[in-house]
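Take a look at the letters that make up each chain.
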Amino acid sequence: MKNRSLVSINDYSKEEIIKILDLAEEFEKNPRQETLKGKVIASLFFEPSTRTRLSFESAVQQLSGSIIGFASADTSSVSKGESLKDTILTVSNYSDLIVMRHPVEGSARYASEVSPVPIINAGDGANQHPTQCLLDLYSIRKTQGTLDNLDITFVGDLKYGRTVHSLAIALCHFNTRFHLVSPVELKLPSAVKRHIKEAKLQYEQYTSLNEVIDASDIIYMTRIQRERFPDPLEYEKVKNVYNLNNSMLSGSKDNLRILHPLPRVNEISIDVDTNAKAYYFEQALNGVYVRQAILASILALK
Amino acid sequence: MNKKRKELIVSAINNGTVIDHIPTESVFQVIRILGLDKTKNQVYFGTNLDSKKYGLKGIIKISDTYFANEEINKIALVAPSATLIEIKDFEVVRKANVTIPDNIEKIVKCFNPNCITNKQEVPTRFSVIYDENGNLKLACHYCEKNTSKENLTFV
Ligand SMILES: [Zn+2]
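Residues numbered from 1 in each chain as written. Chains lettered and ligands numbered in written order. Predicted model: local features only at pLDDT ≥ 70, side-chain atom pairs only at ≥ 80, totals over all residues. Heavy atoms only, no water.

### A word on the overall build of chain A
In plain terms, the rule: Starting at the N terminus, helices and strands are each numbered in turn, a helix being any DSSP run of H or I of at least four residues and a strand any DSSP run of E of at least two. Between the two quantities, the radius of gyration covers C-alpha atoms and the globule rule is 2.2 Å times the number of residues to the power 0.38. Partly exposed describes any residue whose relative accessible area lies between the buried limit of under 20% and the exposed limit of over 50%, with all areas from a 1.4 Å probe on protein chains only and scaled to the type maximum. Contact criterion: two residues are considered in contact whenever any of their non-hydrogen atoms come within 4.5 Å of each other.
A count of helices and strands for chain A gives ten helices and nine strands. The C-alpha radius of gyration computed for chain A amounts to 19 Å, which stays within 12% of the reference 19 Å derived for 302 residues, consistent with globular compactness. Seen along its three principal axes, the alpha-carbon backbone of chain A occupies a region of about 55 × 45 × 40 Å. By residue count, 59% of the 302 residues in chain A fall in the buried class. For chain A, contacts bridging at least 24 residues in sequence account for 72% of all contacts bridging at least 6.

As structure tokens, this is what we get:
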């Protein structure tokens, strides 16, 4: 992984994924180290994402690295029409690694091709968000003790939800049984199902959430995002179809944990928050350790 | 139509390449893909010609020009049935079919309007894949979306 960009979860083999998760476990035990001392990390957020940006910045600062960059495109030279290539080449003069988030799909792959320093993709439009995927895997392994042979239920927008696509593809390494709950209009795209079929794994599709809760080890809830819909009417029809509340969990397995990439709107009721099976806030904290592991392994410091 | 008259429709060449059995509607695309609109050599073409096998076909003849395989294979997306005949001193020296390459660069647009290749000056790159029904698709190297044959547009 040394000096290699992380653009898409498909860039990592199963072994590399496990290596990152193992390293993240070490950082969780000891998150404040001087691993990145003397290193400058550029954090280029061409679109705002406070949650992801703070997670990265916290990861860097706890490891004594320094951060330069911008939090949105309108305060940077990008607003003056600078091309992505020029921005990347300029910033690479001042940094050892670039974390970037950009609203255009494929921008991170392109940046990784023109940049002399490694790129970590912190989200490129509706395409990829590999660090989210790795923190999801970390959260699953941490709560279940394993990634293998689990019943994992995805709920909500399976069509446009990039976190779902990346995670589903990554889970194909681990003999997962997939339960896919979505409105008919928002089913998992065939390009993602192809990976499941190629791995010869089981999947079932549902429109109702109730029938699958009790069989699940993980329920991965997602927000139905207005901005991903080309047609606003399509969004209005489906925006409130799923709502997970505490009473629905009464027959669920003890080891069930509920994940959500956050922010949530109303797909999980607040009465679930106090249930021990709610894991979405700890999941976000795991993001810091996983990002520390990714930074350290790309910069070959661990 | 006898054989002699048929040959007269598109002039014979003594040296160069004949691309035959092009779907008639793809002739102009083939010309563009191979850059024949910019060549200094003589180019003859015909469209809506009768073909026993295909109904209507197109043909292109280019003087003093021979194509590398990877170059000619670019036309396979629009003219998979095309055949290639190379001529030297009026003799046919090579016949070949086109084959669809594994990778397609620059000639096709990504159908995703939010792809970096449609937003900034980035040349397109695709790998050729087939879905479970055997339909050809182009997987974008950048945005990772698949462009299907119906959505193909050429740069
Ligand atoms: Zn694309």
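### Let's talk about the overall build of chain B
The helix and strand tally for chain B stands at four helices and nine strands. Along the first, second and third principal axes, the C-alpha set of chain B runs to 55 × 35 × 25 Å. When each of the 155 residues of chain B is scored for burial, the buried share is 45%. Considering only residue pairs separated by 6 or more positions, chain B has 58% of its internal contacts joining residues 24 or more positions apart.

### Remarks on the packing of helix α1 (residues 14–29) of chain A against helix α10 (residues 280–298) of chain A
All names here are of chain A. We count it as follows: Here, axes are lines fitted to C-alpha atoms. For helices the fit covers the stretch in contact, and angles between N-to-C directions go from 0 to 180 degrees. Two helices cross in a left-handed way if the nearer one is turned anticlockwise from the farther one by less than a right angle. They cross in a right-handed way if the turn is clockwise.
Running from N to C, α1 and α10 cross one another at 115 degrees; their axes reach a closest spacing of 8 Å. Read as a crossing pair, α1 and α10 show a hand that is right-handed. Contact residues: Ile20, Leu23, Ala24, Phe27 and Glu28 in α1; Asn286, Tyr289, Val290, Gln292, Ala293, Ile294, Ala296 and Ser297 in α10.

### Some points on helix α2 (residues 50–62) of chain A
Residues and elements named next belong to chain A. Rule in force here: To estimate the expected span of a helix, count its residues, drop one, and scale the result by 1.5 Å.
With 13 residues, α2 should cover 18 Å at 1.5 Å per step; its first-to-last C-alpha distance of 18 Å lies within 8% of that length. Where α2 is concerned, the buried positions are Thr52, Arg53, Ser55, Phe56, Glu57, Ala59, Val60 and Gln62. For α2, the secondary structure elements touched by its buried residues are β1 (40–45), β2 (66–70), β3 (97–102), β4 (119–124), α5 (130–144) and α10. Of the residues flanking the end of α2, it is Ser64, one or two places downstream, whose phi is positive at about 65 degrees.

### Considerations on the interface of chain A and chain B
Applicable threshold: Two parts placed together each lose some accessible area under a 1.4 Å probe, and adding up what both lose gives the buried area. Definition used for salt bridges: Asp or Glu carboxyl oxygen within 4 Å of a side-chain nitrogen of Lys or Arg.
Contact residues are listed per partner, giving 19 residues for chain A and 19 residues for chain B. Of the roughly 1400 Å² buried at the junction of chain A and chain B (both faces included), carbon and sulfur atoms supply 41%. Counting the surface chain A buries against chain B, the share from its top three residues, Glu105(A), Tyr110(A) and Arg194(A), is 36%. Connecting chain A to chain B are three salt bridges. For Arg125(B), the salt bridge is made with Glu113(A), and the minimal N-O distance between the two is 3.3 Å.

### Remarks on the coordination of the zinc ion
Residue and element names in this part refer to chain B. Defined as follows: The rule for donors is simple: an N, O or S atom within 2.8 Å of the metal counts, and for Na, K and Ca the reach is 3.2 Å. Water is not among the atoms, so a site may look short of donors. Think of it this way: with four donors and all angles in the 85 to 135 degree range, the site is tetrahedral; with four or six donors, opposite ones beyond 155 degrees and the rest between 65 and 115, it is square planar or octahedral; otherwise it is irregular.
Note on the zinc ion: its protein donors are Cys110 (SG), Cys115 (SG), Cys140 (SG) and Cys143 (SG). The metal-donor distances range over 2.3 to 2.4 Å. Geometry at the zinc ion is tetrahedral, judged from the four donor atoms that bind it and their angles of 100 to 118 degrees at the metal. Sequence spacing of the donor residues for the zinc ion, all on one chain, is C-x4-C-x24-C-x2-C. Remark: Cys143 occurs in the loop between β8 (136–140) and β9 (146–148) and Cys110 occurs in the loop between β6 (103–105) and α4 (116–119); sequence separation between them is 33 residues.

### A short note on the domain arrangement of chain A
Interface size is commonly expressed as the accessible surface area that is lost when the partners come together. Residues and elements named next belong to chain A. Selection rule: The split into domains, and so the bounds of each, comes from an automatic or database assignment of domains.
Annotation of chain A at the domain level lists domain 1 (9–128 + 287–298) and domain 2 (131–284). Taking only C-alpha atoms into account, the centre of domain 1 sits 25 Å from that of domain 2. In this assembly, 29 residues from domain 1 lie in contact with 22 residues from domain 2. With both sides pooled, the region where domain 1 packs onto domain 2 buries about 2100 Å², and carbon together with sulfur makes up 58% of that total.

### Quick look at the packing of aromatic side chains
Formally: Each Phe, Tyr or Trp ring (for Trp, its six-membered ring) is paired with any other whose centre lies within 6.5 Å, and the angle between the two planes then decides the class: stacked below 30 degrees, edge-to-face above 60, tilted in between. Placement of a charge over a ring requires the Lys NZ or Arg CZ to be within 6 Å of the ring centre, with the centre-to-atom vector within 35 degrees of the ring normal.
According to the stated counting rule, one finds eight aromatic pairs over all chains in the structure shown. Both rings, one in Phe46(A) and one in Phe70(A), keep their centres 5.3 Å apart while their planes meet at 85 degrees; by these two values the pair is edge-to-face. Of this pair, Phe46(A) sits in the loop between β1 and α2 while Phe70(A) sits in strand β2, placing them 24 residues apart in sequence. The buried category is assigned to Phe46(A), whose relative accessible area is 8%. A centroid spacing of 5.3 Å and a plane angle of 75 degrees characterise the contact between Phe28(B) and Phe45(B), whose relative ring orientation is edge-to-face. A residue pair is termed long-range when its members are at least 10 positions apart, and Phe28(B) in helix α2 (residues 27–33) and Phe45(B) in strand β2 (residues 43–51) qualify at 17 residues. The exposure class assigned to Phe28(B) is partly exposed, which follows from its relative accessible area of 48%. Through pairs of rings, three or more aromatic residues link up here, namely Phe154(A), Phe178(A) and Tyr220(A). Sitting over the face of the ring of Phe56(A), Arg291(A) holds its NZ or CZ atom 4.9 Å from the ring centroid. Over the aromatic face of Tyr66(B) sits the side chain of Lys88(B), whose NZ or CZ is 4.9 Å from the ring centroid.

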